[in-house]
Structure formats: structure tokens, C-alpha cells
Amino acid sequence: MDYAGRTAWITGASSGIGAALARDLAERGANVVLSGRDEARLEAVAKDCGEALVLPFDVRDEAALADATAKAIAWKGGVDLAFANAGVSQRSRALKTSMQVYRDIIDIDLTAQIAFSQGLIGHMTERGSGALAFVSSIAGKVGVPMRTAYCAVKFGLAGYADALRAELSQTGVSVHVIYPGSVATDVARNALVADGSKRGRSDRAIDEGIPAPDAAKTMLDEIAAGTREIIVAQGMEAGMGEMRRTPDQLFDQVAAMVANGYMEKLEAEG
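Attention in this report is confined to the structure presented alongside it.

Scoring rules and cut-offs
- Residues numbered from 1 in each chain as written.
- Predicted model: local features only at pLDDT ≥ 70, side-chain atom pairs only at ≥ 80, totals over all residues.
- Heavy atoms only, no water.
- Core = buried A, V, L, I, M, F, W, Y, C linked by side-chain atoms within 4.5 Å.
- Buried < 20%, exposed > 50% of the residue type's maximum accessible area, 1.4 Å probe, protein only.
- Helix = DSSP H or I, 4+ residues; strand = E, 2+ residues; numbered from the N terminus.
- Contact = heavy atoms within 4.5 Å.
- 1 Å grid on protein atoms, 1.4 Å probe; cavity = no way out; pocket = protein on both sides within 12 Å on 5 of 7 lines; lining within 4 Å.
- Points joined across faces, edges and corners; volume = space filled by probe spheres on them.
- Nonpolar A, V, L, I, M, F, W, Y, C, P; charged D, E, K, R; others polar.

### Comments concerning the nonpolar core
Right, on to step 1. The biggest cluster of nonpolar side chains holds 41 residues, and the ones touching the most others in it are Trp 9, Leu 132, Phe 134 and Leu 164.
Right, on to step 2. Among the secondary structure elements, those contributing two or more residues to this core are α3 (62-76), β4 (81-84), α4 (99-127), β5 (130-135), α5 (148-167) and β6 (173-180).
Right, on to step 3. Looking at this core, the element that brings in the most residues is α4, giving 10 residues.
Right, on to step 4. Here Leu 132 is in contact with Ala 82, Ser 117, Ile 121, Met 124, Leu 164, Leu 168, Val 173, Ser 174, Val 175 and His 176, once residues within four sequence places are set aside.
Right, on to step 5. In this structure, Leu 81, Ala 212, Ala 216 and Ile 230 belong to the second largest nonpolar core, which totals 35 residues.

What follows is the structure, encoded as C-alpha cells:
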């Protein structure tokens, strides 16, 4: 994919990976749509992004999402690339974690990201082009202690994306799943603890992680190259991700099922 002249929509764009993606895309000539809850921070990112559209909303608000989707599509006549990037992490033992924390993380990191994608797949398939990128995590490949809710949603997001990729494999729309390891952002500081409050402090691993601009560059380079599963990590985390990498042969096998009429046969069976 050549990003010049393309329109890219990023959720969670006010900071961290999302903001870095926006700035890098703008440097590559893309028009960027920035979404998140904090309008002031989005506007600050937009100042670095040339021509940008700021659409603030809470990803859990489906009416607001539908309105933003219509505006994003209308702005430049279509959305070419969408990053489902909004999310919140966790730092608490399962034994001590309230169910409300699980519900909140599922709503933000999984249900809302699926809704974001569902609002765009009809538009993209009608055009016969586009790319959807889902930001999972190495914790979406390997179960990591103190992150049971986070692992659940990141595994789930990857499952949705892999199935969606197969369904869209004959449409010209590509699907990419990104598995970051430790990236130097506020993800740990903003993580929820057992009672649902914010942790308020970072991790050493995060602070010493990959700089967000470097991570964003790798993600965009890999999407441009057509890579379906993108691992952005270093050291032990990179090794974990590679050990659990899905072989391209398996993705191809499932896509072949679709090409051979699997979905039509299943629908015909009622």
C-alpha cells in the first residue's frame, strides 16, 4: 500500500501508538482522521498531521460511532485504512479483580473495536479496496499474569480479525493484526487495577520499551508489505510472539475454503 493520498482513521489517536501512527501516516502523505475521547489532545496531535479531521467520541457510544463513521467516510470520499487501536490494559490478579473490570475492558478493547470495524466493512467491500488493522498485543498471543482480562480481549480481537480476514479474502480488503510488545507509552500508567481505578504508575519494561514512533514505522512498513500478522517486539517478547506466530499457510488454507464457496454452502444449509 502506498499511503500518499489515502485516508486513514485511527482510534486511540490522542497519545502513544495511535498518535505516532497518525504523525507517521501524515509524513507519508496520508490524510488522517483522529478519534479518541480527549478532543484537546487530539487537536494537539492534529497540528502535526497536516490535513486532519478530528472526530472525538467514546468508542462505547454506538450512536456517536455511527455518526463519526459517516463523517469519516464523507470527508475525503472514503476510508482506505482503519486502525482499531483504542484500548485499556490491566494490572491485577484474577483472584482479586472485580467482574466490572472484566466487563469494562471487554467493552472498550473488544466489543467497541468490533463495532468500529463492522461500521466500515460494508463501505470497504463495496469499493473493493481497503485495509483494517487491529492492534492486539503479545498478550494476545501468550497468557501473561496480572492481565487476564487484557489477554482475553486481545486473544478475542485476533480471533475476530482472523475470521474476518478469511471472509473478506475475495473482496480486495486486507486485514492485519498487530502484536506489540512493550512500547514506551502510558499503557501501564492508565491500566485498570482490581477495583477498576487507574494504576497511576508505569512499568520498567514499558518505560524501556520500543519508542512509539519506531513501533509505528514498523507497523506501517509491514502493512504496506501486505504482512497479515505483525509482531512489534524485542527480546523475550519477540521470541514469545514468534513462537506463537500463525503460519501463512494456515491463513491461505482458510482463505481457500472461502474461495471454494464455504460460506455459500453453509448459508444454503440454513
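### Concerning the layout of surface pockets
Right, on to step 1. When its volume is computed, the second largest pocket comes out at roughly 220 Å³.
Right, on to step 2. Surrounding the second largest pocket, 15 residues form its lining, Asp 162, Arg 165, Ala 166, Arg 228 and Phe 251 being those nearest its centre.
Right, on to step 3. Among the elements of the structure, α5, β6 and α9 (248-259) are those that each provide at least two residues to the lining of the second largest pocket.
Right, on to step 4. Per-class residue counts for the lining of the second largest pocket are seven nonpolar, five polar and three charged.

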